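# Observations on the model geometry
Now for the letters of each chain:
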Amino acid sequence: MLERARHILSPSARSDVPPFMVMDVIVAATRVEAAGHHVVHMEVGQPAAPAPRTAIDAARRALDGPLRYTEALGIGSLRARIARHYGETYNVDLDPARVIVTTGSSAGFILAFLSMFEPGDRVGIANPGYPPYRHILKALGCEPVLIETGDATRWAMTPESVLALHRKTPLAGLLVASPANPTGTMMRPEALADLIRATGEAGIRFISDEIYHGLDYAFPAETALRISDQALVINSFSKYFCMTGWRVGWIVAPEPLARPIERLQGNLAISVPTLSQIAAEAAFNGRDEMDGVKHGYEVNRRILIEGLPKAGLETFLPVDGAFYLYANIARFSDDSCDFARRMLEQAHVAATPGVDFDPIDGRHYLRFCYAQSQADMHEAVKRIGAWLHRQ
Ligand SMILES: Cc1ncc(COP(=O)(O)O)c(C=O)c1O
């Protein structure tokens, strides 16, 4: 009897995905703060600034009206506005019929994977990379295949590395992010184009996570849509538009996938929160405000690029975009969890250990998020320098 109860209550094997380790850092930082210390928070990958004023005002006005379900694909005028954004930003003519509004890009991944892959399909992702890629694929019964990146290829996957794997055991898909998390590194437009063409010729489906577009400093980010109309693009209002908690994003799907995704979304969620969709459409009118926020990140980035080497962290990946700097700590430690814990407890600077993003070499890296104030950046550099000096 007891045995049967245990069986009924036991979770499925596919729900056994690892937690996000950054959550542990947040709890530890809260403990340090409760003990009376000021912590510089560089662990969480989200903007400190609020949503654009235009978005907040539109949401306030909408609260007085009925907030009903919307079409499964999203509010028509928002989908049209997103399509117009591709014309304005990338000079790409996009049919709004291909745009699907999603509950953050996180729900976009679920819809994309369900519409593109069968259980057991192998999907290539870069290592290091954003952990939920692996975990969502696994929960859906697909097999994430880590593809190592390194200095020689500017931390990007290449046609050679992908096709070599594909020849051994075929890949059904490849997922690329540029700018990437945790590295903040971007693919050069030619490198992205080469990869998309090579995967297309090999019959590998291509997904481009463009959530950090708009936050590019080294060179302009390229959209996969300019290269192929067979790529599926995922984006979000979370990062450039500072709307993480509003949970709204979008997919641009190849035309044959739009209807299957509509059916999936209708069944899985009915529609995306209406208030957030209304705010998202108005967010496009707040670009000047958001460009000001972006400028703040650029200043922060410069403070870290110049300050961290003097503080003792000389080696980091190309700091091209998003708001991350991925620093090598191998000179000091073989255990990024222990290093991050000591840096938090002794220097009161919180960062995320690389093992969250890279099961192979993450013990040698820390991710710093620079989406906070300039004063915080100066303070972090000062504290890290003094702390490393004492090691
Ligand atoms: C690379 C990347 N993709 C997707 C997401 C998910 O963001 P959201 O669901 O808020 O759009 C994140 C969040 O940090 C991310 O870093």
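Residues numbered from 1 in each chain as written. Predicted model: local features only at pLDDT ≥ 70, side-chain atom pairs only at ≥ 80, totals over all residues. Heavy atoms only, no water.

Let's shift gears to the sheet that holds strand β3 (residues 122-127). Taken in spatial order, the seven strands make up an open sheet running β2-β8-β7-β6-β5-β3-β4, and their pairing is mixed. Strands with a single pairing partner mark the edges of an open sheet, and in this sheet they are β2 (99-102) and β4 (143-148). Direction aside, the axes of adjacent strands within the sheet are offset by 25 degrees on average. Where β3 lies against strand β5 (residues 173-177), three bridges are found, and the strand directions are parallel. Looking at the pairing, Ile125 lines up with Leu175 of β5. Its contacts with the sheet put helix α6 (residues 131-139) on β3, β4, β5 and β6 (205-209), and the angle it makes with β4 is roughly 155 degrees. (Pairing = 2+ DSSP bridges. Helix = DSSP H or I, 4+ residues; strand = E, 2+ residues; numbered from the N terminus. Axes fitted to C-alpha atoms, helices over the stretch in contact; angles between N-to-C directions. Contact = heavy atoms within 4.5 Å.)

Among the secondary structure elements, Leu94 is positioned in the loop between α4 (76-90) and β2. Once residues lying within four places of it in the same chain are set aside, the contact partners of Leu94 are Ala83, Tyr86, Val99, Leu225 and Val252.

Here we take up empty space enclosed by the protein. Scanning the entire structure with this criterion turns up one cavity of 30 Å³ or more. Estimates place the volume of the largest cavity at around 210 Å³. The leading source of residues in the lining of the largest cavity is β5, at three residues. (1 Å grid on protein atoms, 1.4 Å probe; cavity = no way out; pocket = protein on both sides within 12 Å on 5 of 7 lines; lining within 4 Å. Points joined across faces, edges and corners; volume = space filled by probe spheres on them.)

Near the ligand there are 14 residues, and of these Ser106, Asp209, Tyr212, Ser236 and Ser238 occur at the shortest range. Residue Ser106 places a side-chain N or O atom 2.5 Å away from an oxygen atom belonging to the ligand. Side-chain polar atom of Lys239 to an oxygen atom of the ligand: 2.7 Å apart, as the coordinates give it. In the complex, the protein chains occlude 93% of the 400 Å² of accessible area that the ligand would expose alone. Comparing atom positions with the cavity grids shows the ligand to sit within the largest pocket. In terms of residue count, the dominant contributor to the shell around the ligand is helix α5 (residues 104-116) (four residues). (Near = heavy atom within 4 Å. Polar contact = N/O pair within 3.5 Å; in protein donor to acceptor, adjacent residues only side chain to side chain. Areas by Shrake-Rupley, 256 points an atom, 1.4 Å probe, with all protein chains shown as cover. Sits in = over half its atoms within 2 Å of the grid points.)

As a further point, take the pattern of salt bridges. Here the structure, examined in full by the defined rule, presents 17 salt bridges. Asp338 serves as the salt-bridge partner of Arg341, at 2.6 Å between the closest nitrogen and oxygen. Separated by three residues within a single helix, Arg341 and Asp338 lie in helix α12 (residues 336-347), roughly one turn from each other. What makes Asp338 partly exposed here is its relative accessible area of 23%. (Salt bridge = Lys/Arg side-chain N within 4 Å of Asp/Glu carboxyl O. Buried < 20%, exposed > 50% of the residue type's maximum accessible area, 1.4 Å probe, protein only.)

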